[in-house]
Amino acid sequence: MFKNTRFIILLLIAAILFVDCKTDPKVPDTPKEDTAPVKRTQVRIPKFERDSAYIYIEKQVSFGPRVPNTEPHQQCRDWLIEKMKSFGADVIAQDFQATAYTGELLNGTNVISQFNPEATDRIMLCAHWDSRHISDNDPNEENHTLPVMGADDGGSGVGVLMEIARNLQNTPIELGVDIIFFDLEDYGESNGPEETWCLGSQYWSRNQHRENYKPKYGILLDMVGAKDAQFTLEEISMTVAPELMRKIWKLGKGMGYGKYFVNDRTRPIIDDHYFINKIARIPTIDIINKPRTSRTGFMECWHTQCDDMTNIDKATLQAVGQTVLATVYRENNGNL
Ligand code: AHN
Ligand code: ZN
């Protein structure tokens, strides 16, 4: 009886195998390497060159205020695209239009630069590149209608990310990196509705440059160039990606930049990361100079006439630039 059962089972297996042999050969399964944990070649963290970042800021400022619908804005747009292409990135100029709180129709361009476009493991780095149309925080009332030069507010984040792009070209990694320069961030209405701010990142969040885009996280840089900047732990960032925040702040301190990466918690702010989190649902943090005690809540020259090159300090650029560069290379190496 037992022997008989075994025989029947063997017969059944043989039959199944036979049937299986008759079927068409299967498409091979995905190779093992694709499913195994990522094992990347370790790449040494390169040196962030403060002078290089500084020159990229200087160049943006040299066009004049990058206010939407003006010639300097258009010229800077073209330069950003060319420069990012020269760093070996796949660049998309995402042109769009948006209506400002004033009723004006603004022409905007998000400049999207992809490194290793074929890589599925990706991170996103971003900053806004436009500058504010009015200096409505200037202590001198007569200056309120003048546009802001935006060396720090706009220029600095872009300058630092361009220097990171240059490093990605010279010292390649396998991780996918998308560097996005958002437009129309700063045309918002002071004390007005939140949707009047960050028009470029709102547009991009609803019109992403890739299907199924799911970077591990995003890092926004905003006003990262002023002397004695204080990058505090902003509330939205701490809510969406507390571990990433702790890691970056710890990394910054460990590299000797503890004076900049301070552990104060600060109130949530409406910035590009807010809409990226809310609309695109990509966990995105904001590295922003937001001292707990200051006249405006931001740096002294925020939305004033003094946000020119004299507001930029190379030591601050070095601190934030080297820390973010280390974050990117450590992410690639699997030891962040
Ligand atoms: C508001 O003032 C609502 N948000 C600050 C975002 C900003 C403006 N960042 C740079 N300029
Ligand atoms: Zn601003």
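Computed from a predicted structure; not experimentally measured.

Asks: Which parts of the structure should I look at to understand the coordination of the zinc ion (ligand 2)?
Replies: Angles at a metal have ideal values that depend on geometry: 109.5 degrees with four tetrahedral donors, 90 or 180 degrees with six octahedral donors. The protein atoms that coordinate the zinc ion (ligand 2) are Asp153 (OD), Asp186 (OD), Asp186 (OD) and His303 (NE2), at distances spanning 1.9 to 2.5 Å. Donor residues for the zinc ion (ligand 2), ordered by position in the chain, follow D-x32-D-x116-H. Within this pair, whereas Asp153 is found in helix 5 (residues 151–170), its partner His303 is found in the loop between strand 8 (284–288) and helix 10 (314–333), the two being separated by 150 residues in sequence. The same class applies to Asp153 and to His303, which are both buried.

Asks: Where do I start with the pattern of salt bridges in this structure?
Replies: Where side chains of opposite charge bring their charged atoms close, a pairing between them can arise. Under the definition given, this model contains 13 salt bridges. One salt bridge in this structure joins Arg77 and Asp78, with 2.7 Å as the shortest N-O distance. The class for Arg77 is buried, based on a relative accessible area of 14%. One connected set of salt bridges, linked through shared partners, spans Arg77, Asp78 and Asp95.

Asks: How do you make sense of the site of ligand 1 when you look at a structure like this?
Replies: In the vicinity of ligand 1, the contacting residues are His128, Asp153, Glu185, Asp186, Trp197, Asp222, Met223, Ile270, Phe298, Trp302 and His303. At a separation of 3.2 Å, a nitrogen atom of ligand 1 approaches a polar side-chain atom of Asp153. Asp186 places a side-chain nitrogen or oxygen 3.1 Å from a nitrogen atom of ligand 1. Burial of ligand 1 by the protein amounts to 88% of the accessible area it has alone, namely 320 Å². Partitioned by chemical class, the residues of the shell around ligand 1 number 5 nonpolar, 2 polar and 4 charged.

Asks: Please clarify how the side chain of Ser156 should be interpreted in this entry.
Replies: Looking at where Ser156 falls in the secondary structure, it is placed in helix 5. In this structure the side chain of Ser156 is engaged in a polar contact, spanning 3.0 Å, whose partner is the backbone nitrogen of Val224. With sequence-adjacent residues up to four places away left out, Ser156 is seen in contact with Ile57, Ala151, Met223, Val224, Gly225 and Ile312.

Asks: Could you clarify how one ought to interpret unusual backbone geometry in this entry?
Replies: Glycine aside, residues mostly have negative phi, and peptide bonds are mostly found in the trans state. Even without being glycine, Leu184 reaches a positive phi, approximately 50°. If you trace the backbone, Leu184 turns up in the loop between strand 4 (176–182) and helix 6 (199–206).

Rules used in this analysis
Each chain has its residues counted from 1, following the order in which its sequence is written. The naming scheme follows written order: chains are lettered A onward, ligands numbered 1 onward. Confidence filtering applies because this is a predicted model: local features only for residues at pLDDT of at least 70, side-chain atom pairs given and counted only at 80 or more, and all residues used for totals across whole chains, interfaces and linings. Only hydrogens and water are set aside; all other atoms, that is, all heavy atoms of the structure, feed into the side-chain values. Only nitrogen, oxygen and sulfur atoms count as donors, using a 2.8 Å cut-off from the metal that widens to 3.2 Å for Na, K and Ca. Water is left out, so coordination shells may look unfilled. Only DSSP runs of H or I covering at least 4 residues are called helices, and only runs of E covering at least 2 are called strands; the numbering of each starts at the N terminus. Under the scheme applied here, a residue whose accessible area is under 20% of the maximum for its type counts as buried, over 50% as exposed, and between as partly exposed, the area being computed with a 1.4 Å probe on protein chains only. Throughout this description, the term salt bridge denotes a Lys or Arg side-chain nitrogen within 4 Å of a carboxyl oxygen of Asp or Glu. For each residue, the test is whether any non-hydrogen atom lies within 4 Å of the molecule or strand; if one does, the residue is near. Polar contacts, as used here, are pairs of N or O atoms within 3.5 Å; protein pairs need one atom able to donate a hydrogen and one able to accept it. Residues neighboring in sequence count only if both atoms are side-chain atoms. Per-residue and other accessible areas were derived by the Shrake-Rupley procedure at a 1.4 Å probe size, with only the shown protein chains allowed to occlude residues. Note on residue classes: Ala, Val, Leu, Ile, Met, Phe, Trp, Tyr, Cys and Pro are nonpolar, Asp, Glu, Lys and Arg are charged, and everything else, Gly too, is polar. Any two residues whose heavy atoms approach within 4.5 Å are treated as being in contact.

Keep in mind that these numbers describe shape and distance, not what the molecule does.
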